Amino acid sequence: MITVRVPAKVNVQLGVGGLRADGFHDLANVFFAVGLFDEVTAEPVGPGEGVTLSCTGPDAASVPLDDSNLAARAARLLAAHHGLADPGVHLHIAKAIPVAGGMAGGSADGAAALVACDALWGLATPIGTLLELAAELGSDVPFALLGGVALGRGRGEILDALPVAGTFHWVFAVADGGLSTPAVFRECDRLREEAGTGSSEADVPTPDADPALLAALASGDPVALAAALTNDLQAAALSLRPSLADTLHAGTEAGAIGALVSGSGPTCAFLAKDAESAEAIAAALRTSGTCRTAHATHGPVPGAEVGAPTA
């Protein structure tokens, strides 16, 4: 068996352009990999069994175990690319990243499955090819392969690694239930129309990375990074889930130096000045009544990595 550990992400900047003719939006998406991990284990099964799935963890009941799961799609895509007619693999997902929480947990599992199956089948697929396959699976999947910090353009799948100094300390407040990413994007478009600014790519400038945010990452300055955190989807997430405003307030009151909705939500991310402060913020959030639970962690961390093979 091959086990791959893969991190969650937070978007320290999520700039959203106007709605394109193909239904997507151009993004300036600064991905930051953090120390909340899923593990995907690939194990061979008998001929004709195809790709099967199982899942454990706090949100396991919310994880689809059919062809809609990105891990299963990743295994089939890799097999097809290499001409393997019968992939014959069971994938077990040990889930710790929130489901539908704006932290790319499903995308992470897709990336982990690519790496795990590639190792299990001895394919030695070049990283460039794995990134191309990952982009076919979804906009956030390539970053989960790489980890660290990167600027994503296009739909988020065109990546450039960014320099970052030191370690940043984070707290993530996990909400009850999830938010649909397409629904949040639709709400973003609706709010822009309602505000009279228009929502098409002709109305909204193509976003770019914030120089102040890039400088904060490169210098390792948490206070400067906190001041530069932005998420163009936050208003839409708050519109669909107004209670998130209470979570953001609770984390800020507990000492967070920066706060934002993570990606499309509903997980809320808080930047802390140090590890001790992060633990205190997480403890306060757990007793605040504004979230299901909260985790203190750090980053950046590497992308999908193979662990020691299991006998």
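Residues numbered from 1 in each chain as written. Predicted model: local features only at pLDDT ≥ 70, side-chain atom pairs only at ≥ 80, totals over all residues. Heavy atoms only, no water.

Participant: I keep staring at the sheet that holds strand β11 (residues 293-299) and nothing clicks. Help me out?
Facilitator: Strand-to-strand pairing in sheets goes through backbone hydrogen bonds, with the strands running parallel or antiparallel. The strand order across the open sheet built from 4 strands is β9-β10-β7-β11, with neighbouring strands paired in antiparallel fashion. The strands lining the two open edges of the sheet, one partner per strand, are β9 (258-261) and β11. This sheet shows a mean twist of 20° between the axes of neighbouring strands, independent of strand direction. The pairing of strand β7 (residues 168-174) with strand β10 (residues 268-272) spans 5 bridges and is antiparallel. Across the sheet, valine 171 pairs through a bridge with phenylalanine 270, a residue of β10. Of the strands in this sheet, β7, β9 and β10 are in contact with helix α9 (residues 244-253), which crosses β10 at around 10°. (Pairing = 2+ DSSP bridges. Helix = DSSP H or I, 4+ residues; strand = E, 2+ residues; numbered from the N terminus. Axes fitted to C-alpha atoms, helices over the stretch in contact; angles between N-to-C directions. Contact = heavy atoms within 4.5 Å.)

Participant: Explain the nonpolar core to me, please; I cannot follow it from the model alone.
Facilitator: Note on soluble globular proteins: their nonpolar side chains tend to be buried together. If you look at the biggest cluster of nonpolar residues, it comprises 64 residues, and the most contacted ones within it are Val12, Phe32, Leu91, Trp170 and Leu225. Sequence-distant contacts of valine 12, defined by excluding residues within four places in its chain, comprise Val30, Phe32, Trp170, Leu213, Leu225, Ala228, Leu229, Thr230 and Leu260. Within the second largest apolar cluster, 26 residues are counted, among which are Val16, Cys188, Leu233 and Cys268. (Core = buried A, V, L, I, M, F, W, Y, C linked by side-chain atoms within 4.5 Å. Buried < 20%, exposed > 50% of the residue type's maximum accessible area, 1.4 Å probe, protein only.)

Participant: Could you clarify how one ought to interpret the pattern of salt bridges in this entry?
Facilitator: Two side chains bearing opposite charge may form a pair once their charged atoms approach each other closely. Scanning all chains against the criterion turns up 10 salt bridges. With a shortest N-O distance of 2.7 Å, arginine 20 and aspartate 22 are connected by a salt bridge. Classification of aspartate 22 as partly exposed rests on a relative accessible area of 45%. Judged by its relative accessible area of 18%, arginine 20 is buried. Overlapping salt bridges bring together Arg20, Asp22 and Asp26 as one network. (Salt bridge = Lys/Arg side-chain N within 4 Å of Asp/Glu carboxyl O.)

Participant: How should the pairing of β9 be read in this particular structure?
Facilitator: Note on strand geometry: in a regular strand, side chains alternate between the two faces of the sheet. Relative to β10, β9 runs antiparallel, the two sharing 4 bridges. Its bridge partner being in β10, valine 261 is matched across the sheet by cysteine 268. What sits between β9 and β10 in their antiparallel hairpin is a turn of 6 residues, with glycine 263 showing a positive phi close to 55°.

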